Amino acid sequence: MSSSSEASNRRLLRSRDQIDRAYPYELSIPALARTAAMSEPHFIRSFHTCFGESPHRYLQRRRIERAMFLLRRSQLSVTEICLEVGFSSLGSFCRTFRQVAGKTPRAYRKDGAGTTQGQVPTCFAMAWGRPSSFGEERGIGASLSSWVRPARPVLKTTGGKPTC
Amino acid sequence: MLSSLRISQIYVLDQQQALDFYVGKLGLEVNTDNDLGFMRFLTVNVPGDPERQILLERPGPPMMDDATAEQVRDLLSKGRTGGHLFFLTPDAHESYRELSAKGVEITQEPTEQPYGIDFGMRDPFGNHIRVAQLR
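Residues numbered from 1 in each chain as written. Chains lettered and ligands numbered in written order. Predicted model: local features only at pLDDT ≥ 70, side-chain atom pairs only at ≥ 80, totals over all residues.

S.K.: So what about the overall build of chain B? Which residues, and what values?
M.R.: Looking only at helices and strands, chain B features 3 helices and 8 strands. The N-to-C order of helical and strand elements in chain B reads β-α-β-β-β-α-β-α-β-β-β. Rg of the C-alpha trace for chain B: 16 Å, near the compact-globule value of 14 Å for 135 residues, within the 12% margin. Burial statistics for chain B: of 135 residues in total, 33% are counted as buried. Put simply, 47% of the contacts in chain B that link residues at least 6 apart link residues at least 24 apart. (Helix = DSSP H or I, 4+ residues; strand = E, 2+ residues; numbered from the N terminus. Rg over C-alpha atoms; globule rule 2.2 N^0.38 Å. Buried ≥ 20, exposed ≤ 12 C-beta atoms within 10 Å, placed from the backbone. Contact = placed C-beta atoms within 7 Å.)

Right, here's the structure in full:
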């Protein structure tokens, strides 16, 4: 690993932090690529190589992590949370939530996962509370079995209707 | 039994650059700076709190082989070595203004949290730092 790849990693980390900050807004690949000092196609490839997922997928996980926080900690409705974290369609939000978190937003809220998060510094809560990119139900409130033997999510089609 | 935590460690890519950041920008003070030959043992602490030190350790031989050091440096620059520091301040907004003016890389502006107000930043190497004003 050369110092140039470390510098490249560091710039990509800077652009990923930018996604973390601006998660409610539309993803601007040109702006992120500028932060990383790369062309857009090179940025997308490099981001994936560096972090193991595309910028879009990372944004989705960031939004869902925030939605999970709001479901646990606020009284906002699912629709309000959907809009708050940057989704414009409730159907898309619920499908993504279910795909990433393994359950619907309502089921997640009903389960009451992670109610002690207020005692945890935000950096840890964000990093560990965020669902995995690979579909395992992980993070605060996940059962031990899901850590020991991660299961791929079972996606059920619902005729396009949101199942929140 | 155990009575206190004396030294915590984070990895840095360059110890001089680390000093510029942790002492020059964050305002910590050097506690120990010993060139042991095989390593530079460099710790800093919050002014007035010398009992809690942070070891600024450069990954490399002889503690680890070159290939392992490369992996650590790679992970560090991706923000994935797990290096986290959590400082307290009496005024998060004031600290934020001061550190922003010094050009520190902010990852999150001051935000209301269940435990108080805090903001996030990174050191030049990718370690994550939070500064909190607790309730």
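S.K.: Can you tell me about the overall build of chain A, naming the residues and giving the values?
M.R.: Helix and strand counts for chain A stand at 9 helices and 0 strands. Across chain A, helices and strands are ordered from the amino to the carboxyl terminus as α-α-α-α-α-α-α-α-α. Here chain A holds 164 residues, and the buried ones make up 35% of them. Long-range contacts, defined here as pairs at least 24 residues apart, represent 57% of the contacts in chain A between residues at least 6 apart.

S.K.: I'd like to hear about the sheet that holds strand β2 (residues 29–35) of chain B, residue by residue, with values.
M.R.: Residues and elements named next belong to chain B. Taken in spatial order, the 4 strands of this open sheet run β1-β4-β3-β2, and their pairing is mixed. Of all strands in the sheet, those bounded by a partner on one side alone are β1 (7–11) and β2. Shown here is a sheet whose adjacent strand axes are inclined to one another by a mean of 25°, direction ignored. Note that β1 and strand β4 (residues 53–57) share 5 bridges and pair parallel. The partner of Ile7 across the bridge, within β4, is Gln53. Packed onto the sheet, helix α1 (residues 15–25) meets β2, β3 (40–45) and β4 and runs at close to 10° relative to β3. (Pairing = 2+ DSSP bridges. Axes fitted to C-alpha atoms, helices over the stretch in contact; angles between N-to-C directions.)

S.K.: Would you mind going over the domain arrangement of chain A in detail, with residue names and values included?
M.R.: Accessible area lost when the parts come together is the quantity often used to give the size of an interface. Residue and element names in this part refer to chain A. Under the domain assignment, chain A is made up of domain 1 (3–52) and domain 2 (57–148). The element that contributes the greatest number of residues to the side of domain 1 that touches domain 2 is helix α1 (residues 3–21), accounting for 3 residues. Of the residues in the side of domain 1 that touches domain 2, the class split is 6 nonpolar, 1 polar and 2 charged. (Domains from an automatic or database assignment. Nonpolar A, V, L, I, M, F, W, Y, C, P; charged D, E, K, R; others polar.)

S.K.: So what about the packing of α1(A) against helix α2 (residues 66–77) of chain B? Which residues, and what values?
M.R.: Packing of α1(A) against α2(B) brings their axes to within 8 Å, and their N-to-C directions diverge by 25°. In terms of axis orientation, α1(A) runs roughly parallel to α2(B). Listed contacts from α2(B) to Glu6(A), Asn9(A), Arg10(A) and Leu13(A) of α1(A) are Arg73(B), Asp74(B) and Ser77(B). In terms of residue class, the contact of α1(A) with α2(B) is made up of 1 nonpolar, 2 polar and 4 charged. (Parallel < 35°, antiparallel > 145°, perpendicular 65-115°, else oblique.)

S.K.: Tell me about the environment of Ala22(A), and name the residues and values.
M.R.: As for its position among the elements, Ala22(A) is in the loop between α1 and α2 (29–35). Between the alpha carbons of Ala22(A) and Gly86(A) there is a distance of 9.4 Å; along the sequence they are 64 residues apart.

S.K.: Talk me through the nonpolar core; I want residue IDs and the actual numbers.
M.R.: Grouped burial of nonpolar side chains is what soluble globular proteins tend to show. Within the largest apolar cluster, 16 residues are counted, with the highest numbers of intra-cluster contacts made by Ile64(A), Ala67(A), Met68(A), Ile81(A), Cys82(A), Phe97(A) and Ala101(A). Broken down by secondary-structure element, the contributors of at least two residues to this core are α4 (55–73), α5 (78–84) and α6 (90–101) of chain A. If we ignore the near neighbours within four places in the chain, the residues touching Ile81(A) are Ala67(A), Leu70(A), Leu71(A) and Leu76(A). Within the second largest apolar cluster, 15 residues are counted, among which are Tyr11(B), Leu26(B), Leu76(B) and Phe125(B). (Core = buried A, V, L, I, M, F, W, Y, C linked by C-beta atoms within 7 Å.)

S.K.: So what's going on with the sheet that holds strand β6 (residues 105–113) of chain B? Which residues, and what values?
M.R.: Residue and element names in this part refer to chain B. On the basis of which strands lie adjacent, the open sheet formed by 4 strands has the order β5-β8-β7-β6 and mixed pairing. Every interior strand has two partners, whereas the edge strands, β5 (84–88) and β6, have only one. Averaged over all neighbouring strand pairs, the angle between strand axes comes to 20°, with direction disregarded. Here strand β7 (residues 116–122) pairs with strand β8 (residues 128–134) via 7 bridges, running antiparallel. Bridged to Arg122 within β8 is His128.

S.K.: Describe the environment of Glu94(B), with residues and values.
M.R.: All names here are of chain B. Tracing the backbone through its elements, the reader meets Glu94 in helix α3 (residues 92–101). Residue Glu94 is classed as exposed on the basis of its C-beta count, with 12 C-beta atoms lying within 10 Å. Placed 32 residues apart in sequence, Glu94 and Pro62 show a C-alpha to C-alpha distance of 42 Å.

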